[in-house]
Amino acid sequence: MASESSPLLAYRLLGEEGAAFPPNGAGGSGVASARKLSTFLGVVVPTVLSMFSIVVFLRIGFVVGHAGLLQALAMLLVAYIILALTVLSVCAIATNGAVRGGGAYFMISRTLGPEVGGSIGLMFYLANVCGCAVSLLGLVESVLDVFGADVTGSSGIRVLPQGYGWNLLYGSLLLSLVGVVCTLGAGLYASASFLTFLLVSGSLASVLISFVAVGPRDIRLAPRPGSNASSVPPRYGHFTGFNSSTLKDNLGAGYAEDYTTGAMMTFASVFAVLFNGCTGIMAGANMSGELKDPSRAIPLGTIIAVAYTFFIYILLFFLSSFTCDRTLLQEDYGFFRGISLWPPLVLIGIYATALSASMSSLIGASRILHALAQDDLFGIILAPAKVVSGGGNPWGAVLYSWGLVQLVLLAGKLNTLAAVFTVFYLVAYAAVDLSCLSLEWASAPNFRPTFSLFSWHSCLLGVASCLLMMFLISPGAAGGSLLLMGLLSALLTARGGPSSWGYVSQALLFHQVRKYLLRLDVRKEHVKFWRPQLLLLVGNPRGALPLLRLANQLKKGGLYVLGHVTLGDLDSLPSDPVQPQYGAWLSLVDLAQVKAFVDLTLSPSVRQGAQHLLRISGLGGMKPNTLVLGFYDDAPPQDHFLTDPAFSEPAEGTREGGSPALSTLFPPPRAPGSPRALSPQDYVATVADALKMNKNVVLARACGALPPERLSRGSSSSAQLHHVDVWPLNLLRPRGGPGYVDVCGLFLLQMATILSMVPAWHSARLRIFLCLGPREAPGAAEGRLRALLSQLRIRAEVQEVVWGEGAETGEHEEEEGDFVNGGRGDEEAEALACSANALVRAQQGRGAAGGPGGPEGRDGEEGPATALTFLYLPPPPANPARYPRYLALLETLSRDLGPTLLVHGVTPVTCTDL
């Protein structure tokens, strides 16, 4: 991809003109001498000639004759309002920074991004190609109307043979002439355009003078196509001179059949013809790579050209309505020749406008194609278009475009091509308006154009009017163009584009997200809309990939933040070591395919860093409410980068695009027995800190043993059946009765239910184990639990198990407290943890067929294995001296259980209300 750099950073105060642009930019060769066209020659002349085209000579009578003066003026006003709205957007974008080669494509792509900009740029290129072909075909028809061998009427010279092959030959010869001029460079094109501008101006001047100087006369009309000229009496139209009666007759509409096609004309069809002749406002912008000062020349020149052509069209409409009767206007579209003081000068004007319009379209197409090729959006297909001459002329793109125009000429269907290229032009105009609208809505500080005569209202109206005109001119072509744009955008999105252009979508997202975050009021939170917002603390992602993906499944559309603490003190460091790490962590998020944010901090200890992240992660109403940690044990760390297909790296250690591989950005896992950054005391203290901050806590153990299909993003309907076991009772503080109905137990149920809603876990069965005391009668507590699950809309199997011999409950339990806080001896606490571990392991791998009972009391058959176990995490003891003992009890409780989540919830998360 072409590299982008800030013009301000690249600028040299003493450098040559154009030094602000990188040599491989979209502007072509980057040679300063290539920028030599003035505002008049580079913008005004090509824009005027493109907006006049043949319409100014051959369709004035058509429009006024059918629509009448009033409706014709209304059409012209509407058409120019649409064009003026786009011109305002063009002027705003062009004056907001350095404009390089590619004109409208450069403006759109650098605003809307390569996906939208590339697709619209290609369509704008095709519009110019079709426009060149249409101008040439119109020129051929105009020549054959006078010099063709099959021409009817008395004024024909009849020297040129006609037919499809001959017409194609004439078009190809004219295209060769246009191609030679454009291949030799913008200087020759500007000179040729100036010459044709003089010819067109002289021809128009003669027409205007003729309206005044020529007296009333009758003009014989040619027989209609298909009629027998010898049997039909001659018909005449009348040039009356300035006559109020003629003006009165021409004020209203008089739609009739078009004498050239036999089709009945309507307001829409006449308006479409008029608008087709005005779509040339981008001709000057397309020359942006050759203009001395494009930011000044494009706005000034385009506005002058639009105002000039608008004045000429209005003048011709009035003069025609005052002097020509409706018969002449409707039956002879080329009546200018009949009233001219010197008819050949009108022919010269017609041929000159057609030839100049074709040159403008071809050179504009070549500049757009060269910019597309330089940006490398379509790969090797456009590689030949990158070739430039020593003077900076992209002759490779000119030849490429010349060949494509030659193919279009083979179609030979002028009317069809006219509708298609006009719709393509309107798509580009709408995109320019949308670009300006996006920049205005994004409120970016760097969007401060020196041209201020625009607003978001004008941009929005411009987009809407262009889309309306597209479907008014040709619904089929409009729908096809939008479909083509969508397909090209999807192709470019899949291929990937440069990330250094700046995307207005990011600015718009920022602007809108900020507004919505301000409206996300934490005082209006309700428990029925609660969702987990996770902060996962990761030391080294090499060993945490399964947990990374499991946490992504648990978030249920909530906030998910990856937190990492870098040890250090900023006072003793020359620079912040955290900022350069963000790129690696964001790449990790992309490759792991998780929807997470990244938050990194620098702190003298992991515990303090965790406190920082718990306090400051998130924004407004989107702040983490649950801390997720890996379990603290002596298991040797695994390097999941070596086994995960998403992280397979090239041997040379770089990824596509030249960026370093993640294996080089994250250190290898900690060797067994090596010192750890976090002590057991600080680990438990971090859990205690989170609970003090009213955060829920999840400790994840052995997540690396999860079945791979359970961590995938897609559905796992064909995966092996597994269980998800939930133990909503504090197994280190056994108690009979309804002890499961506390806040933490309900939080366990909620988290397990959230996981079961993930497509990859749909086939897993949720099992909830209800622990009974030795003296409790079975059935009563299970009924209460099933009623609760029904109210919470949770589908799960409920199984009662007897809490074994070592868990007798009695009157001394409340007095002595639980085992975690030192209510009983360490030996007894260890025995209870071992008993609870044995109880949980005994239920794993068993089906639902067995009845209630302990490990020895179940006689059911072996069933599907347990994929994940949810255990009640008791809170840490109040005495920090017992933190190591607390961690040892947790290790005993969860030993050899496979993937396990120890969960402690402190906030209500379930609701039975509607």
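Keep in mind it's a predicted model, so treat the numbers as computed, not measured. Residue positions are given per chain, counting from 1 as you read along its sequence in written order. Given that the model is predicted, a residue must reach a pLDDT of at least 70 before its local features are reported, and side-chain atom pairs must reach 80 or more before they are shown or counted; all residues, however, enter totals for whole chains, interfaces and linings. Hydrogen atoms and water are omitted, and side-chain values are computed over all heavy atoms in the structure.

Caption draft 1: Layout of the overall build of the protein chain. Numbered from the N terminus, helices here are DSSP runs of H or I no shorter than four residues, and strands are runs of E no shorter than two. For the protein chain, the helix and strand inventory stands at 29 helices and 12 strands. A simple rule labels every residue: compare its accessible area, found with a 1.4 Å probe on the protein chains alone, to the largest value its type can have, and call it buried under 20%, exposed over 50%, or partly exposed in between. Counting every position in the protein chain, which comprises 914 residues, the buried fraction comes to 53%. Contact criterion: two residues are considered in contact whenever any of their non-hydrogen atoms come within 4.5 Å of each other. Here the analysis covers contacts within the protein chain between residues at least 6 apart in sequence; of these, 80% occur between residues at least 24 apart. Summed over all atoms, the accessible surface of the protein chain reaches about 38800 Å², with 61% contributed by carbon and sulfur. The Shrake-Rupley method, run with a 1.4 Å probe sphere, supplies the accessible areas, and residue values consider only the shown protein chains as cover.

Caption draft 2: Seen up close, the nonpolar core. In this structure, Phe211 and Phe336 are the most contacted members of the largest nonpolar core, which totals 156 residues. A total of 19 residues in this core trace back to one element, the largest contributor, which is helix α4 (residues 60-94). Discounting chain neighbours no more than four positions away, the residues touching Phe336 are Val56, Phe57, Ile60, Val207, Phe211, Leu316, Ser320 and Val346. In this structure, Trp530, Phe647, Val698 and Leu901 belong to the second largest nonpolar core, which totals 67 residues. By convention a nonpolar core is built from buried Ala, Val, Leu, Ile, Met, Phe, Trp, Tyr and Cys residues, the set being connected through side-chain atoms within 4.5 Å.

Caption draft 3: Quick look at the confidence of the model for the protein chain. The predictor reports its confidence for every residue as pLDDT, a score running from 0 up to 100. Residues of the protein chain with pLDDT of at least 70 account for 83%, and the chain-wide mean is 81. The low-confidence segment residues 1-33, where pLDDT is below 50, has 50 contacts with residues more than four positions distant or belonging to other chains. Throughout residues 806-817 the model reports pLDDT below 50, and contacts reaching past four residues in sequence, or to other chains, amount to 17 contacts.

Caption draft 4: Region of interest: the packing of aromatic side chains. Two rings from Phe, Tyr or Trp (for Trp, the six-membered ring) form a pair when their centres are within 6.5 Å of each other. A pair whose planes differ by under 30 degrees is stacked, one over 60 is edge-to-face, and the rest are tilted. For the structure on display, the rule yields 25 aromatic pairs. Taking 5.8 Å as the distance between ring centres and 85 degrees as the angle between the ring planes, the aromatic pair formed by Phe40 and Phe197 counts as edge-to-face. Placement of the pair is Phe40 in helix α2 (residues 39-52) and Phe197 in helix α8 (residues 186-213), with a sequence separation of 157 residues. Taking the centre distance of 5.8 Å and the plane angle of 70 degrees together, the rings of Trp530 and Phe747 count as edge-to-face. Here Phe747 lies in helix α25 (residues 743-756) and Trp530 lies in the loop between α19 (504-519) and β3 (534-537), a separation of 217 residues in the sequence.

Caption draft 5: Main features of the pattern of salt bridges. Each reported salt bridge corresponds to a side-chain nitrogen of Lys or Arg within 4 Å of a carboxyl oxygen of Asp or Glu. Using the criterion set out here, one finds 9 salt bridges in the structure. Here Arg235 ties to Glu331 by a salt bridge, and the two come within 3.5 Å at their closest N and O atoms. Residue Arg235 is located in strand β2 (residues 235-239), and its partner Glu331 is located in helix α12 (residues 326-331); the two are separated by 96 residues in the primary sequence. Residue Arg235 is classed as partly exposed on the basis of its relative accessible area of 29%. Note that Arg607 and Asp689 form a salt bridge whose closest N and O atoms lie 2.7 Å from each other. Here Arg607, found in helix α22 (residues 606-616), pairs with Asp689, found in helix α24 (residues 680-692); they are 82 residues apart in sequence, far enough to count as distant. For Asp689, a relative accessible area of 7% translates into the label buried. Three or more residues are tied together by salt bridges with common partners; here these are Asp633, Arg701, Glu891 and Arg895.

Caption draft 6: Up close: the packing of α4 against helix α10 (residues 267-276). At a closest axis distance of 9 Å, the pairing of α4 and α10 adopts a crossing angle of 60 degrees. With respect to their mutual orientation, α4 and α10 come out oblique. For the pair α4 and α10, the crossing hand works out as right-handed. On α10, the residues touching Phe62, Val63, His66, Ala67, Gln71, Met75, Leu76, Val78, Ala79, Ile82 and Leu83 of α4 are Phe267, Val270, Phe271, Val273, Leu274 and Phe275. Gly is put with the polar residues, along with every residue not named as nonpolar or charged; the nonpolar set is Ala, Val, Leu, Ile, Met, Phe, Trp, Tyr, Cys and Pro, and the charged set is Asp, Glu, Lys and Arg. Among the residues forming the contact of α4 with α10, the class breakdown is 15 nonpolar, 2 polar and no charged. In this analysis an axis means a line fitted to C-alpha atoms, helices contributing only their contacting stretch, and an angle means the value between N-to-C directions, from 0 to 180 degrees. Angle categories: roughly parallel below 35 degrees, roughly antiparallel above 145, roughly perpendicular from 65 to 115, and oblique for all the rest. Helix crossings are classified by the rotation of the near helix relative to the far one: an anticlockwise turn of less than a right angle makes the crossing left-handed, while a clockwise turn makes it right-handed.

Caption draft 7: Up close: the packing of helix α17 (residues 456-473) against helix α18 (residues 475-495). Between α17 and α18, the least distance of the axes is 5 Å, while the angle of their chain directions is 125 degrees. Classified by the angle between their axes, α17 and α18 sit oblique to one another. In contact with Met470, Phe471 and Ile473 of α17, α18 contributes Pro475, Ala478, Gly479, Ser481 and Leu482. Class assignment for the residues of the contact of α17 with α18 results in 6 nonpolar, 2 polar and no charged.

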